[in-house]
Structure formats: structure tokens, C-alpha cells
Amino acid sequence: MSLASSSISALRKQLAAREITAVDIVDELAAAIAARDLRIGAYLSHDLADARAAAAAADLGLPLGGIPIALKDNINALGQPCTCGSRFLATGYTAPYDATVTARLRAAGAIPFGRTNLDEFAMGSATENSALQVTRNPHDLTRIPGGSSGGSAAAVAADLSIAALGSDTGGSIRQPASHCGVVGLKPSYGRVSRYGLVAFASSLDQIGPLTKSVEDAALLLQAIAGADPRDSTCLDVPVPDYSAELEKGVAGLRIGIPKEYFGEGIDPAVRALVEQAAQRLQAAGAELVDISLPHTEHAVATYYIIAPAEASSNLSRFDGIRYGKRADAPADLLDLYRRSREEGFGPEVKRRIILGTYVLSSGYYDAYYSRAQKVRTLIRRDFENAFQQVDAILTPVAPTPARKIGEFSDDPLHEYLSDIFTLAANLAGICAISVPCGSVPAESGSPLPVGVQILAPHLAEATLLRVARAAEL
Ligand code: GLN
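First things first, this report covers the structure right here in the doc. Just so we're clear, the structure is a prediction, and the values are computed from it rather than from any experiment.

**Concerning the site of the ligand**
Among the 15 residues in the neighbourhood of the ligand, the closest are listed as Thr-169, Gly-170, Ser-172, Tyr-303 and Arg-352. Thr-169 is positioned with one of its backbone polar atoms (N or O) 2.8 Å from an oxygen atom of the ligand. One nitrogen or oxygen atom from the side chain of Ser-172 is found 2.7 Å from an oxygen atom belonging to the ligand. Bound to the protein, the ligand loses 100% of the 300 Å² it would expose on its own. Of the residues contributing to the shell around the ligand, the split by class is five nonpolar, seven polar and three charged.

What follows is the structure in C-alpha cells.
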């Protein structure tokens, strides 16, 4: 097996036995990127000299010692670009500091290597909203990798990366993981620091791992989780030993199957694979329980009020003065603001800013924003009630496998509806993971991977990973 296709845990063993060096891994990844990323487009940039120097100095005794990890290009790493897939930041902006997750990766011995493509400011589900390049699904180059962490998912799936970090506001780790056939974990809100993640919707955003195995997801989460004085929403609670619980199995656990997630609109082949995953858990000793999450149908509308509202506020910092792009020869200050934003942001980002500003404006705030907050509470309570009866919940990740590039890029509503199964976890703040559960034949080309989603209560990542491990093929 090539080094680039190995898991973190396999590489750790080879490194410990001195069969390979960390520089070997970086070099092999760099060769794979040079050979194949021109077609896939997972990376926006990478700094080989920097990574080789870090690899040469890596402390192999540390938990992730010598392991290169790719970062979604909205997570700051000192001295590296952080474009957010936007023209706004693609003009020479480099990060003046490390995000907490980046610093923690370094402290665990890992080597941040490579910046992965994303939908502009993480707004999208296909990586087609990147203003900078197209990323293709490694399983079928005519299809999307999913998004917004499409570059991270494609890099891991194509063996251009050992593992990567992404961000998930409404599904952006889980959905591309599902489409590319890798594991993607969205931690509970407050489990991982958001300091140094460029904010999209601050009450929903979480950083998490995209990996080749559930075991690797546990290792990576372990390294990045835990309290951070720089993010007041990051919780000061103990972080369990995730790897220790992984093999405990699911005997005696109760797994909820919510009827609202198996209805209309879901591709029958996807549904069959998700049901098979449920049966595997049952065969391993779990009890399947029919449950209801009655407010599910309102999740899309609620999310597409709250997320744009928060985005419109967060993105006001991009004014042409403080960061990145600045319009040439402005007539006056207002013209400078206006044209910098007009030229810097792409159409989806503008749409969200306009929507968000509208729902927050006086007269509409009560009708939209504050009502959405109330519905959000109802969605959270649905999960609280369900978790009185069950230890975890099993659902599809996305209603269909990866679609073709460009298939409905001029229909944002259709795109928003494809987030239907992933948004609620962010609204409720609970943890969720996508685990590959098979592939479906495509009418042309190779079979397309499908993921199953497992959800667990707030801060119950140990249970989540344990169930995911048992569901893993
Ligand atoms: N697809 C969703 C959106 O466009 C979620 C994106 C995300 O999780 N960053 O808002």
C-alpha cells in the first residue's frame, strides 16, 4: 500500500518502526498531488518546503507525530494563504496567526500540509461556488465532490492527503464525505474551538476531521478538541479518550430511525444502503427503534434564515479596508466599500448577505429571524426528546449520490433542499458523522459512494464514534 493511501494509524506504526520517515510521506503526497491534482482540483495551494522542514523536525513520539494534515482554506495557518475560495482574499492575504486547531495539530506533532478548495466562505454544497477553481469527485470526474469542504473530501478520497480538516455549518463536512466515500465528523457545538476559522454562521460553525477511517477520525478529534480561552463558545469540559471507546461495540445500544428522514425525495438505492447499515448495527446487537423528529420539515427554512443572518453580520468585516481586496481608484469612501464588495464577492455570497440583511431588518426581524430562532428551539427539543429513548440516531446524509457538475447551479433553492438531512444537527448543536456505507451504480461511469449519517447527543462523540465504528464496512 502506498503511503499516500494509508490511514493515520497505519502510518504511525510504520513511523514508530522507523520503516519510513515523515519526509517520505510528505514527498509521496507532493508527488501524488503533482501527478493527479491537476484533474481533481482539491488543493488551492501547498507549501512543500515548509512541510518538508516541519516533517524533518517532527517529534514522532507525539500522537500525530509526522502526519501531514490538509486544511480547508478557511482555517488560518500562520504565514499561509487563507482564501476562503473567494476573490476577496485571493489577492495576497496570508494568515497572521494559527487557528487554535492548527496550533493543536502542530502541538500533536502533525504537519499542516496543503490548503483545500471550498465553496466561497463555505456557502454551498458542491464546491461549485468556489471563485477560484473547480473540484471534481475522484470517483467520477464529471461529478461534484459535494461541499463546502469538497477539496478536503476529494483530497482524502483521492489519496492526495492522509486526512484533512473541514468546517461544517449545515453539512459541509458530512455531505462531501458521503459523496467522496470518506469519513466526516461534525463535532458538537462547543467541542472544538472556532478561533481562526473564518466565520460563516457563528452559532452553527464547527471544525472537524475528514479521514479514511473512523479510527482516524477519533485520533484527529482527540487532537483538536477541548477548551480554548480564545473562543468563549468552546466548552471547558473534559475530553474523553475517544480511541479507547471505539471498539466497545453496539450491543445493548438503542438506535433511533426517524421516519421523517426516510420519506419522499430520497433515492431508493441510497435508502437501501442506509437501511443495510441499520441492519448491520442490529446484527451487532443494537436495538432499532422507530422515532419521530416532527419539526424536521422546517429545518431548511430555519437554517436559511439563521445562517444568512449571521453571515451578513460576519461578512461585514470585508470592507476593502481591513482585509484582502480593495477596489482601484475609488471616488470616495462609500465607493471604496461598495466596489470592493461588488468585485470581491461571488453571486452566492451576495445572495446570502442580501437575504440575511433582509431578515434582520426592522419590520422583518420578528417575522423571520426571531421566528426562526423559536423553530430552532423546537428542532433542538425534538432531538432532546428522541435522545430520552435512544443512544444514537441513524439517517441518510444526502438524498442522492453526487450529481453532475453544473446540473443545477442556477437553481439555489434546489441546492438548499439537498441539505435537508444534515442541517438539523447544526441547529441543535449535536454531533454527527458520515460513514461510507456502500456505492450505487451510476448510469454511466464508476459506482458512486454513499454515506450513512449517525447523530448522537451534545458532547456524546464517544458514543457517536463507537456506533460509527460498528457501522463501518
Ligand atoms: N450547504 C449549506 C450552505 O450552503 C451548508 C454549508 C456549510 O456547512 N458550510 O449553507
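Still more to cover.
**Thoughts on the side chain of Ser-149**
Topologically, Ser-149 is positioned in the loop between β3 (111-116) and α5 (150-157). Of the residues examined, Ser-149 reaches a relative accessible area of 0% and is grouped as buried. At 2.8 Å, the side chain of Ser-149 and the backbone oxygen of Ser-172 are in polar contact. Once residues within four sequence positions are removed from consideration, Ser-149 is found in contact with Lys-72, Asn-117, Gly-166, Ser-167, Ser-172, Ile-173, Pro-176 and Leu-210.

**Focus: the packing of aromatic side chains**
Per the stated rule, a full pass over the model turns up 16 aromatic pairs. Taken together, a centroid distance of 5.0 Å and an interplanar angle of 55° make the contact between Phe-121 and Phe-318 tilted. Taken together, the residues span a long stretch of sequence, with Phe-121 in the loop between β3 and α5 and Phe-318 in the loop between α10 (299-314) and α11 (333-344) at a distance of 197 residues. This pair shows no difference in class: Phe-121 is buried, exactly as Phe-318 is. Here Phe-318 and Phe-345 contribute two aromatic rings whose centre-to-centre distance is 6.4 Å and whose plane-to-plane angle is 85°, an arrangement assigned as edge-to-face.

Calculation notes
Residues numbered from 1 in each chain as written. Predicted model: local features only at pLDDT ≥ 70, side-chain atom pairs only at ≥ 80, totals over all residues. Heavy atoms only, no water. Near = heavy atom within 4 Å. Polar contact = N/O pair within 3.5 Å; in protein donor to acceptor, adjacent residues only side chain to side chain. Areas by Shrake-Rupley, 256 points an atom, 1.4 Å probe, with all protein chains shown as cover. Nonpolar A, V, L, I, M, F, W, Y, C, P; charged D, E, K, R; others polar. Helix = DSSP H or I, 4+ residues; strand = E, 2+ residues; numbered from the N terminus. Buried < 20%, exposed > 50% of the residue type's maximum accessible area, 1.4 Å probe, protein only. Contact = heavy atoms within 4.5 Å. Phe/Tyr/Trp six-rings, centres within 6.5 Å; stacked < 30°, edge-to-face > 60°.

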